[in-house]
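Each chain, letter by letter, is given below.
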Amino acid sequence: MLSLFLDFKRQVTVALENALYTLGLKTDDLGLEPSQHADIASKVAFRLAAQTKSNPMEIAERIVAAIELPENSLIGEIITVGPYINITVGRNYLEKTVKRITQEQESFGGGFCNGKILIEHTSANPNGPLHVGHIRNSVIGDTLVRILKKAGYEVDTHYYVNDMGRQIAIVSWAFSRFDFDSSKKPDHAIADVYIKANALLNEDPGKVSEIDKLMQLVENGDQSTIKSFDDAVALAISGIKQTLLRMNIIHDSFPHESSFVRSGAVFRIIEEIKATGRTKDDNGALVVDLSDYGFEKTMVIQRSDGTSLYTTRDLAYHEWKGKYGDRIIDVLGADHKLISGQLKATLNSIGKPEPEVVIFEFVSLPEGSMSTRRGKFIPADDLLEQIEQGAYLEVDRRRPQMPEKFKKEVASMVGIGAVRYDIVKVSPEKSTVFDWKDALDFEKQGAPFIQYSHARACNILNKAQDEGKWDMGYQADLSLLTEDTEVSLIKKMAAFDSIIDICARDLKPHTIAVYARELAEAFNQFYRFVPVVSAEEENIRASRLALVNCARIVLANSLDTLGIDAPESM
RNA sequence: GGUCCCGUGGCUUAGCCAGGAUAUAGCAUCGGGCUUCUAACCCGAGGGUCGGGGGUUCGAAUCCCUCCGGGAUCGCCA
């Protein structure tokens with residue numbers, strides 16, 4: 001169903017274009033934009049000032065005078081402020097919004113897109129636990145998944161498992177030399193031996209040839225080596241899955257790199273690339289020339305010992321994805337900027353669909369960049385543990401009389417929500433430095449603020465129900481919702497679907513985070529300004545309860561899109 | 001050194017791609033508000049050379065050039 005806001009915008013466009021036609025004017029840009037001064041504003045007078053050789057203010061006046069609105073328009077008022085044309089929504093728009101939210105409930109705000117999307121995110125190497133940098137990928141990726149699903153797409157989420165790279169060879173090699181602590185969470189135990197092995201390889205570079213040998217064995221299908229790789233990978237992935245699940249993140253499938261070697265897909269795609277004539281031999285390695293795509297350096301797709309690289313296997317993986325998805329999306333760290341550009345160029349050169357790549361910049365530590373290999377990282381599990389403990393103290397302080405189970409559940413929802421919100425609210429292209437004090441700060445107006453607003457709405461509805469003052473079926477008189485705080489709350493709720501639409505198109509998940517916060521703010525302002533359950537007149541009380549119910553729904557939908565739980569009480 | 005990303009009040013940050021109305025919020029600071037639906041809230045105040053300098057334009061945080069600072073990357077790692 002078309003978004004009411006977009007419908008409103010469309011009506012504004014038609015009204016303005018008709019007015020311009022009447023005046024004998026023409027432009028291809030109405031300059032429509034959201035504005036703090038109106039629900040939508042047009043800068044078209046600026047565009048036409050030169051054309052008509054008159055000043056913009058005058059043009060604006062003439063345009064507004066020429067506008068004719070049809071019956072039942074969603075448009076309310078159209079006025080000029082200097083050269084700007086400011087348009088506000090009408091009662092029709094506001095009342096339709098409340099009706100629609102009440103009807104559509106959880107499905108409100110989406111369902112306008114269709115098609116299949118394959119999205120890949122996280123895909124961290126299975127050589128240790130996820131750290132606080134990896135989960136930026138996970139949270140951005142999972143939020144995109146939720147946005148795209150909300151928009152109406154069928155979404156398949158992948159974690160691409162590197163089960164045959166050098167890192168995994170080192171892990172497998174480490175297993176034969178160091179004790180594996182099976183009392184630990186498996187991904188953490190893997191990191192322990194991986195770090196030791198790297199230290200040893202550093203001291204004794206002669207042992208590197210043993211790693212190379214393992215990689216060749218795996219590529220050539222040696223069963224026992226493959227099994228030792230697989231066992232290590234499975235252990236790491238099982239731990240990683242636990243961490244992701246704790247953050248409300250689930251992948252539909254875990255395609256393994258090795259499957260593209262063993263199926264012959266890697267061999268076939270190398271042949272396809274060779275057929276373009278852009279490959280050449282470089283000291284025994286096979287390289288691709290992408291200079292016509294703006295890449296000065298060639299890209300290696302086969303080592304001189306004949307084994308494949310991550311890049312090659314990734315090409316085969318993307319070729320496969322291109323067959324099954326209408327849109328292919330990869331969420332990757334900034335270190336993949338160059339390689340993903342080369343990947344896209346190579347796919348393009350053999351006529352295959354290219355992925356849309358969402359790049360996020362790195363999370364570093366105050367002392368420098370993180371490294372699993374050197375053991376310099378903060379595991380995501382540590383962060384989640386500490387934040388939940390911090391959240392528990394807060395809940396215990398505020399609701400001491402509540403049972404233990406309640407406190408634990410709320411602490412978990414609030415803690416995880418705070419982590420997810422803190423990550424997703426920052427736009428991906430900013431690099432960040434992890435700071436414990438900041439990460440554990442509950443005073444910021446983040447997820448708990450939004451969750452609390454939702455709990456507050458639930459609480460009002462519960463109270464009204466207990467007092468026999470609320471009945472879902474009651475037809476509220478929506479024309480009574482005229483207070484400023486009521487109107488701005490409705491406008492904010494109405495914007496939800498257009499925000500989803502923008503997020504799904506631009507793949508910018510931080511937009512929905514900002515929106516959710518603003519929605520909570522609008523609801524809190526309403527809550528402070530007007531009484532609901534205690535409203536004197538019954539029909540006013542009923543209309544406000546209908547509004548609170550809408551707020552509850554849209555807050556819940558927003559939180560769900562952010563992958564944050566919406567507590568009914570906290 | 002080449003290429004890409006970032007630089008916005010003390011700190012964090014929106015807006016930049018599609019240039020326009022007093023530059024957006026949060027934290028922190030200061031002041032006000034709980035006999036009234038959970039104050040994890042609300043209202044208000046102070047605080048900004050939008051990294052520096054040029055340019056384009058009637059108009060630049062936004063586009064172009066240049067310099068400075070931070071991050072990423074520059075073939076047989078992923």
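Bear in mind the structure is a predicted one, so any value in this text is a computation, not a measurement.

### Remarks on the sheet that holds strand 1 (residues 32-33)
Reasoning step 1: Reading across the sheet, the four strands line up as 1-2-4-3 and stay open at both edges, with antiparallel pairing between neighbours. Every interior strand has two partners, whereas the edge strands, strand 1 and strand 3 (75-81), have only one.
Reasoning step 2: By the bridge criterion, five bridges tie strand 3 to strand 4 (residues 84-89) in an arrangement that is antiparallel. Looking at strand 4, one finds that I78 is bridged to I87.
Reasoning step 3: Across the sheet, helix 3 (residues 56-66) touches strand 3 and strand 4, and the angle it forms with strand 3 is around 155 degrees.

### Notes on the pattern of salt bridges
For side chains bearing opposite charge, pairing can occur when the charged atoms are close.
Reasoning step 1: Taken as a whole and judged by the stated rule, the model has 40 salt bridges.
Reasoning step 2: The closest approach of N and O atoms between D29 and R47, which form a salt bridge, is 3.1 Å. Of the two residues, D29 is situated in the loop between helix 1 (4-22) and strand 1 and R47 in helix 2 (residues 44-52); the sequence distance between them amounts to 18 residues.
Reasoning step 3: For R47, a relative accessible area of 35% corresponds to the partly exposed category.
Reasoning step 4: Put simply, D438 and K444 hold a salt bridge, and the shortest N to O gap is 3.8 Å.
Reasoning step 5: For D438, a relative accessible area of 41% translates into the label partly exposed.
Reasoning step 6: One salt-bridge network, held together by shared partners, links D142, R146, R420 and D560.

### Some details on helix 15 (residues 404-424)
Reasoning step 1: With 21 residues, helix 15 extends 30 Å from end C-alpha to end C-alpha; this agrees with the ideal 30 Å at 1.5 Å per step.
Reasoning step 2: Of all 21 residues in helix 15, 16 are buried, a share of seventy percent or more.

### Brief notes about the side chain of S308
Reasoning step 1: The topology assignment puts S308 in the loop between strand 9 (299-302) and helix 12 (310-324).
Reasoning step 2: With residues near it in sequence (within four places) discarded, S308 still touches E219, V261, V266, I301, R303 and R313.

### Structural notes on the nonpolar core
Reasoning step 1: Grouped together as the largest cluster of nonpolar side chains are 175 residues, with contacts concentrated most on F8, I63 and M493.
Reasoning step 2: Not counting chain neighbours up to four residues away, the residues in contact with M493 comprise I101, F108, Y515, L519, L547, C550, A551 and V554.

Scoring rules and cut-offs
- Sequence order as written defines the numbering, with residues in each chain counted from 1.
- Written order determines the labels here, with chains lettered from A and ligands numbered from 1.
- Local features in this predicted model are restricted to residues of pLDDT 70 or higher, and side-chain atom pairs are both shown and tallied only at a pLDDT of 80 or more, whereas totals for entire chains, interfaces and linings draw on every residue.
- Excluded from the side-chain calculations are hydrogens and water; all other atoms, namely the structure's heavy atoms, are used.
- A pair of strands is considered paired only if DSSP assigns at least 2 bridges between the two.
- The way it works is that DSSP assigns letters per residue, a run of H or I at least four long becomes a helix, a run of E at least two long becomes a strand, and they are numbered from the N terminus.
- Note on contacts: a residue pair is in contact if any heavy atoms of the two residues lie within 4.5 Å.
- To obtain an axis, a line is fitted to C-alpha atoms, over the contacting stretch when the element is a helix, and the angle between two such axes runs from 0 to 180 degrees between their N-to-C directions.
- We define a salt bridge as a side-chain nitrogen of Lys or Arg found within 4 Å of a carboxyl oxygen belonging to Asp or Glu.
- Each residue is placed in one exposure class: buried if its accessible area under a 1.4 Å probe, protein chains only, is under 20% of its type's maximum, exposed if it is over 50%, and partly exposed if it falls in between.
- By this rule, a helix spans an expected 1.5 Å times one less than how many residues it contains.
- Here the nonpolar core consists of buried residues drawn from Ala, Val, Leu, Ile, Met, Phe, Trp, Tyr and Cys, with membership extended through side-chain atoms lying within 4.5 Å.

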